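Here is what each chain is made of, one letter per residue.
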Amino acid sequence: MMMRLIAGLVAILPAIVIFVGVIASAETPRQHALVEALGIKQVFGWPPNAADVLRYSHQFNMFQTQAAGLADSRGDDALRQFAADQARQARERDQQVFRLNTFTLLSIDFPDHSNVILSNELAGLRGAVGERFMADFHAKQVKEFRRMIALMRRFLLHPDNDLIRRFAIQQLPLLERDLAILEGQATS
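Rules of the game
Residues numbered from 1 in each chain as written. Predicted model: local features only at pLDDT ≥ 70, side-chain atom pairs only at ≥ 80, totals over all residues. Heavy atoms only, no water. Helix = DSSP H or I, 4+ residues; strand = E, 2+ residues; numbered from the N terminus. Buried < 20%, exposed > 50% of the residue type's maximum accessible area, 1.4 Å probe, protein only. Expected span 1.5 Å × (residues − 1). Polar contact = N/O pair within 3.5 Å; in protein donor to acceptor, adjacent residues only side chain to side chain. Core = buried A, V, L, I, M, F, W, Y, C linked by side-chain atoms within 4.5 Å. Contact = heavy atoms within 4.5 Å. Phe/Tyr/Trp six-rings, centres within 6.5 Å; stacked < 30°, edge-to-face > 60°. Patch = residues over 30% accessible without salt bridge, like charges linked within 9 Å, V, L, I, M, F, W, Y side chains within 5 Å. Areas by Shrake-Rupley, 256 points an atom, 1.4 Å probe, with all protein chains shown as cover. Salt bridge = Lys/Arg side-chain N within 4 Å of Asp/Glu carboxyl O.

Within the secondary structure, aspartate 72 is located in helix H4 (residues 50-74). Looking at aspartate 72, the relative accessible area reads 55%, which means it is exposed.

Taking 1.5 Å per residue, 25 residues should reach 36 Å; H4 reaches 36 Å between its end C-alpha atoms and fits that length. With 19 of 25 residues buried, H4 lies mostly within the body of the structure. Where H4 begins, one side-chain oxygen reaches toward the backbone nitrogen of alanine 51, 3.1 Å away; that side chain belongs to asparagine 49.

The subject of this paragraph is unusual backbone geometry. Backbone geometry at leucine 105 places phi at a positive 60 degrees, although glycine is not the residue there. With respect to the helices and strands, the residue leucine 105 is situated in the loop between helix H5 (77-103) and helix H6 (116-126). Assessed through its relative accessible area of 71%, leucine 105 is described here as exposed. Phi angles above zero are rare outside glycine, and serine 107 is one such case at about 55 degrees. Its relative accessible area of 33% is what places serine 107 among the partly exposed residues.

Take the nonpolar core next. Formed by 41 residues in total, the largest nonpolar core has its most connected members in Leu54, Phe133, Phe137, Met148, Met152, Ile164 and Leu175. Broken down by secondary-structure element, the contributors of at least two residues to this core are H4, H5, H6, helix H7 (130-157) and helix H8 (162-187). Broken down by element, the residue count for this core peaks at 11 residues, all from H4. If we ignore the near neighbours within four places in the chain, the residues touching leucine 54 are Val97, Leu100, Asn101, Leu106, Ile108, Phe110 and Ile164.

So, on to the packing of aromatic side chains. For the coordinates displayed, the defined rule picks out three aromatic pairs. Between the aromatic rings of phenylalanine 98 and phenylalanine 110, the centroid separation amounts to 4.9 Å while the plane-to-plane angle is 65 degrees, which identifies the pairing as edge-to-face. One end of the pair, phenylalanine 98, is in helix H5; the other, phenylalanine 110, is in the loop between H5 and H6, with 12 residues separating them in the sequence. Residue phenylalanine 98 is classed as partly exposed on the basis of its relative accessible area of 39%. Ring centres of phenylalanine 133 and phenylalanine 137 lie 5.8 Å apart, and the angle between their planes is 35 degrees; on these two criteria the pair is classed as tilted.

Time to look at a nonpolar patch on the surface. Taken together, the side chains of Met2, Met3, Leu5, Ile6 and Val10 present a nonpolar region at the surface, about 550 Å² in accessible area. Along the chain, the position of isoleucine 6 falls in helix H1 (residues 2-26). Note on isoleucine 6: relative accessible area 42%, which makes it partly exposed.

Right, let's talk about H5 for a bit. Between its first and last C-alpha, H5 extends 39 Å over 27 residues, near the 39 Å set by a 1.5 Å rise per residue. Residues Leu79, Phe82, Ala83, Gln86, Ala87, Gln89, Ala90, Arg93, Asp94, Val97, Leu100 and Asn101 constitute the buried set of H5.

Here it is, written out as structure tokens:
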């Protein structure tokens, strides 16, 4: 019984790989990069495209802005200051993202709300107070910074747009610096 199951999975594996490849190559900038969002590109070693970078940058920026609002009412002075700085940087970065969307002619329709993953992260923060909020906020920030940095690094391995490549090169050291600050707070 188990051998038949394994044989069946092995038999359909090439079809799954071909199907995912067709979806990835048929993706247009206007469509949501479902393959990137599900992590399939990362599993197969495919780099994100320019539209993926702009989409996720926008999501990351919305997360930073909304998290800063929560930190303002629940965090200590240091956390509020850090979150306010991140929200300011997110607004500036989002302006760049919208300009790049226009100049590169990608025509991405950016959503005005966070994706499901980031919405759940924010919902978890809304339910926390005191020390739990501080610890959760820090953990979620570190996780999102790492995700954003990883996306940009993967993009820079095989960039498909020079303007987005320059944006990633510009943003990567800033994100790494802020991640180092966050990780330094965890050890202090």
